Each structure stands twice: as C-alpha cells, then as structure tokens.
Amino acid sequence: MPVYRYKALDQQGRNRRGRISAESSVEAGRSLRRDGLNPLQMVEVPGGKAPEKLSLNRTKKSLSRRELALVLRQVATMLRSGESLTEVLAAIERQSPRHQRELLTAIRQRVLEGETLAHALARFPDDFKPLQIASVTAGERTGRLDETLFQLARHVEEQNNLRRDLLLALIYPAVLALAAIGVVVALLVFVMPQLVEVFDAVDMTLPVLTRLLLAVSRGLQEFGGFLLLILLVATIGIAFVYRSQGGRLSIDRLLLRAPVTGRLIMDLEVSRFTRTMALVCGNAVPVPEAVRLSTAAVGNREVSSQLGRVRQDIIRGVSLSNALTQHGNFPPLLVQMVHTGESNGNLGESLEYAAGLMETELKNRLLIITGVLEPALILIMGGVVLLIVLSILVPVLDMNTLVY
C-alpha cells in the first residue's frame, strides 16, 4: 500500500505534517478529512511501504500509572508546539524504554494507516481504559486533543497522588500494629514457657493473671499452627467469596456499614467518581455516558450499583443532582455542586471543584484517624506488655517473700 507525506491544517488552523498509507491520494485525503484535517499537500513517498503490523498481544508489561501520565503529558506538550501526531509519537519512541517504545511504535503505525488516535489506543485495553479512549475521541472531534491529553495526564497524576497519600497515612499504623502483635506473641510463646518450670518447682498459688496468661501461652504453643491454618483458610475463603459477584457485593456493603472505615471508603469512592466525571464532562461527553465511564473508577460494588441506578434515572430524564439525591448516601456537597453546575451550564468545572474539596476533606479525616490511632496502638501495646510483666513479677515477688 502506498505511503503519502501530507501537509494539512487542523480545525484550529495549525499546520500538521505526517505520513499516511492509503490506496490512493484521494483515499488518503478522505481519511485526513474524517480526522478533522484539511489536506494542503499530498506527496507519495517513493518506494514507501506501510510498516509491518505489530502483534497486539504484547508480552511486555503494560504501562504503569506514572509512565502513562508521563507519556500523555509529553504527547500533549509536543502537539501544542505544532508538531504532527506521528512526529510526536516518533520522537517519544526514541527516548522511551523498550516496552514503551514497542507500544508507541504500534500506535504510530496505526495512525499512519489512517486510524484516529482514539481507535489506535483502543487496541491496547491493558494500557488505556475506556475513560481515556472516550476522552481522546471527544478531544479529536472538538479539535482540542492537546488540552484533552493534558487533562488526562493531570487526572492520572491526581489519582496517583491520592493513592500515595492514603498508603503513606496507613503504613505507619499498620507497621505499628504488626510490631505490637509480634512482641506480644514472642513474650507469650518464648518468655512465659521458661517461667513455667520455675513456678512449677515452687509450691505456691499463682495469681489469676499469671494463670490466665500461662494458659494463653500453652494454647499458642499447642494450637498455634492450627490457628495459623484456620487464619489462612479463612483468608482464602474470603478471597474466594470476594471473587464472586454476589459475595463481593455483600462484603462491600459490610465495609460501607463499618463504623470508621465505612465513611472513609465512601468518601474515597465518591471523590474518585467526581474527579473522573469532571474530566469526561469537561470533554463534552454526554452525562449518561460520563456516569458509565466514571463508575469504572469506583472499586466498591455497592457504590457502583448505586451509580448504576443513578444512570438509569438520568436516561429516563431525571437530572444528575436529583438522581444522586434519590440513590445512595452521596455527600450533600456533591449534590449541591452538581445542582449548581447544571443550573449554570458548567457541570465540568463544578465537579472538579467538588472533587478537590472532597479529596482535601478525605485527607484531613484520614490524618485525624491516624493521629488518634497511632497513640491508641502504642497505649494498647504498652498495656498488654505491662500485664505480661506484672504476671511475671508478682509471682517472683511472692517467691521472695516465701524465702524470707
């Protein structure tokens, strides 16, 4: 198939250059016009041939979130400088790691063959999600591809930052809790048994606390392996149930009803949904489709189910704000901001503002919880260790009294 070098104007009046393969120059011009480009010059490349097709089933790892954000930002920046899409992809290929270069080469090949960028990205579902493909489609149709890619890059970065902040806030309490459990188990399994021989050699009545902890120590020694097996089986069972549709829905419902974590999970899922809605609505995606795409960013099945009912109401003609009020326990701030956006016709900006407020509130609430949890864990650990020490010291002091 012949390859043509073209020069064209996009819908913003900017020059675009690149290569495209087509049966004829007429067919190449038609492909460019379908992509929103007005061809000015079309020259066949002598001896040019379309590159061989690359396998869509790549064996290399998919793009990480950080790599995806970087690629999107690089493409957007170079497009804004006036480079053609194929030239941009070729430039980024040369400076990318091997697995990224393989992906970008395949995408560039399909763009050269006349596909839109959105269609090319859709061939790689492991790297690009439906939300990103829909946004790119809207950006190409409106002639705002560079701005859309900037928004996608910022969206991925914000999601990464939120995930990182949550992990950093939870790491220390988790490590502290594991350390406390390890210390207590070590005292009961390794320290207490050594004292049993001493106490057995003395004819004395042990305090209730000592007898209780000795019983726990013996139980851990005799049945510790069995308890670990039960814990392992229970974990595997929960994971198996969580894989089923009904089981995951039931577990997610229980998590939402939990006293402390339920509110955090709800706030996290709603902030993800709102941030994603702000992105797709800002790219002129219809609200029902925007809700469907944004629901994919929600991990909790119960919240996803509620958003599914919201979407059905919107299709029947109910406004988004009223649908959110009727279904689920969505924050009043979100409902009010959506109502304001619908009233002034600026739903995307209202959702983005609401997402920022909810993410800030989520981080503040998490800081408060972890700020209370950390000293509470330290006090609990100190109290348990104190009980163990007292259970050892009291009999030792009684033995000294008997001696004297």
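Residues numbered from 1 in each chain as written. Predicted model: local features only at pLDDT ≥ 70, side-chain atom pairs only at ≥ 80, totals over all residues. Heavy atoms only, no water.

Side note on the overall build of the chain
1) Next: Tallying secondary structure elements over the chain gives 15 helices and three strands in all.
2) Next: In summary, the chain has a C-alpha radius of gyration of 31 Å against a globular reference of 22 Å for 404 residues, an excess of more than 25%.
3) Next: Across its three principal directions, the C-alpha atoms of the chain cover 110 × 50 × 35 Å.
4) Next: Relative to its 404 residues, the chain shows a buried fraction of 41%.
5) Next: Put simply, of all contacts in the chain between residues at least 6 apart along the chain, 62% involve residues at least 24 apart.
6) Next: Of the accessible surface of the chain, which amounts to about 22,200 Å², a share of 61% is contributed by carbon and sulfur atoms.
7) Next: Charged side chains in the chain number 46 positive and 38 negative. The centres of these two groups are separated by 6 Å. (Helix = DSSP H or I, 4+ residues; strand = E, 2+ residues; numbered from the N terminus. Rg over C-alpha atoms; globule rule 2.2 N^0.38 Å. Buried < 20%, exposed > 50% of the residue type's maximum accessible area, 1.4 Å probe, protein only. Contact = heavy atoms within 4.5 Å. Areas by Shrake-Rupley, 256 points an atom, 1.4 Å probe, with all protein chains shown as cover. Lys, Arg positive; Asp, Glu negative; His and termini not counted. Charge placed at Lys NZ, Arg CZ, Asp CG, Glu CD.)

Remarks on the sheet that holds strand β3 (residues 38–44)
1) Next: Pairing in this open sheet of three strands is antiparallel, and the strands run β2-β1-β3 from one edge to the other. In the strand order of this sheet, the two ends are held by β2 (15–21) and β3, each with one partner. Each strand axis lies, on average, 25 degrees off the axis of its neighbour in the sheet, ignoring direction.
2) Next: Where helix α1 (residues 25–34) meets the sheet, its contacts fall on β1 (3–9), β2 and β3, and the angle it forms with β3 comes to roughly 145 degrees. (Pairing = 2+ DSSP bridges. Axes fitted to C-alpha atoms, helices over the stretch in contact; angles between N-to-C directions.)

Looking at the pattern of salt bridges
1) Next: With the rule as written, the count across this model stands at 16 salt bridges.
2) Next: Here R108 and E93 are joined by a salt bridge, their closest N and O atoms 2.5 Å apart. Taken together, the residues span a long stretch of sequence, with R108 in helix α4 (residues 98–112) and E93 in helix α3 (residues 85–94) at a distance of 15 residues.
3) Next: Residue classification places R108 among the partly exposed positions, given a relative accessible area of 22%. (Salt bridge = Lys/Arg side-chain N within 4 Å of Asp/Glu carboxyl O.)

Considering a nonpolar patch on the surface
1) Next: Taken together, F223, F226, L227, L229, I230, L232, V233 and I236 make up a surface patch of nonpolar side chains, about 780 Å² in accessible area.
2) Next: Of note, V233 is situated in helix α8 (residues 208–243). (Patch = residues over 30% accessible without salt bridge, like charges linked within 9 Å, V, L, I, M, F, W, Y side chains within 5 Å.)

Observations regarding the nonpolar core
1) Next: Residues V75, I107, F128, L149, L320 and L324 are the most contacted members of the largest nonpolar core, which totals 63 residues.
2) Next: Residue contributions to this core peak at eight residues, all from helix α10 (residues 261–282).
3) Next: When neighbours within four sequence positions are excluded, L324 is seen to be in contact with L307, V310, F330, L334, V335 and V338.
4) Next: The next biggest cluster of nonpolar side chains, apart from the first, holds nine residues, and it includes L188, M192, L206 and I388. (Core = buried A, V, L, I, M, F, W, Y, C linked by side-chain atoms within 4.5 Å.)

Concerning helix α11 (residues 287–295)
1) Next: Taken as a whole, α11 has its buried residues at A290, V291, L293, S294 and T295.
2) Next: Its buried side turned inward, α11 meets α6 (130–142), α10, α12 (301–315) and α13 (320–326).

Some details on the side chain of Q100
1) Next: Topologically, Q100 is positioned in helix α4.
2) Next: The class of Q100 is buried, set by a relative accessible area of 6%.
3) Next: Beyond its immediate sequence surroundings of up to four residues, Q100 is in contact with L63, E67 and V71.

Considerations on the packing of helix α2 (residues 65–80) against α3
1) Next: Contact geometry of α2 with α3 gives a least axis separation of 10 Å together with a crossing angle of 135 degrees. The angle between the axes of α2 and α3 places the two elements in the oblique class. In this structure, α2 crosses over α3, and the sense of that crossing is right-handed. Of α3, the residues touching α2 (which contributes V71, Q74, V75, M78 and L79) are L85, V88, L89, A91 and I92.
2) Next: Taken together, the residues that form the contact of α2 with α3 break down as nine nonpolar, one polar and no charged. (Parallel < 35°, antiparallel > 145°, perpendicular 65-115°, else oblique. Left-handed = near helix turned anticlockwise from the far one by under 90°. Nonpolar A, V, L, I, M, F, W, Y, C, P; charged D, E, K, R; others polar.)

Re the side chain of D267
1) Next: By the element assignment, D267 lies in helix α10.
2) Next: Judged by its relative accessible area of 10%, D267 is buried.
3) Next: A distance of 2.4 Å separates polar atoms of two side chains, one belonging to D267 and the other to R365.
4) Next: Apart from residues lying up to four places away in sequence, D267 is in contact with L362 and R365. (Polar contact = N/O pair within 3.5 Å; in protein donor to acceptor, adjacent residues only side chain to side chain.)

A word on the confidence of the model for the chain
1) Next: Confidence in the prediction for the chain averages 81 pLDDT; 91% of positions are at 70 or higher.
2) Next: Across residues 49–59, where pLDDT falls below 50, the model places 23 contacts with residues more than four positions away in sequence or in other chains. (pLDDT = per-residue confidence, 0-100.)

A word on the environment of L390
1) Next: Mapped onto the elements of the fold, L390 is located in helix α15 (residues 347–403).
2) Next: Separated by 109 residues in sequence, L390 and C281 have C-alpha atoms that sit 63 Å apart.
3) Next: Setting aside its immediate chain neighbours within four residues, L390 contacts L209 and P395.

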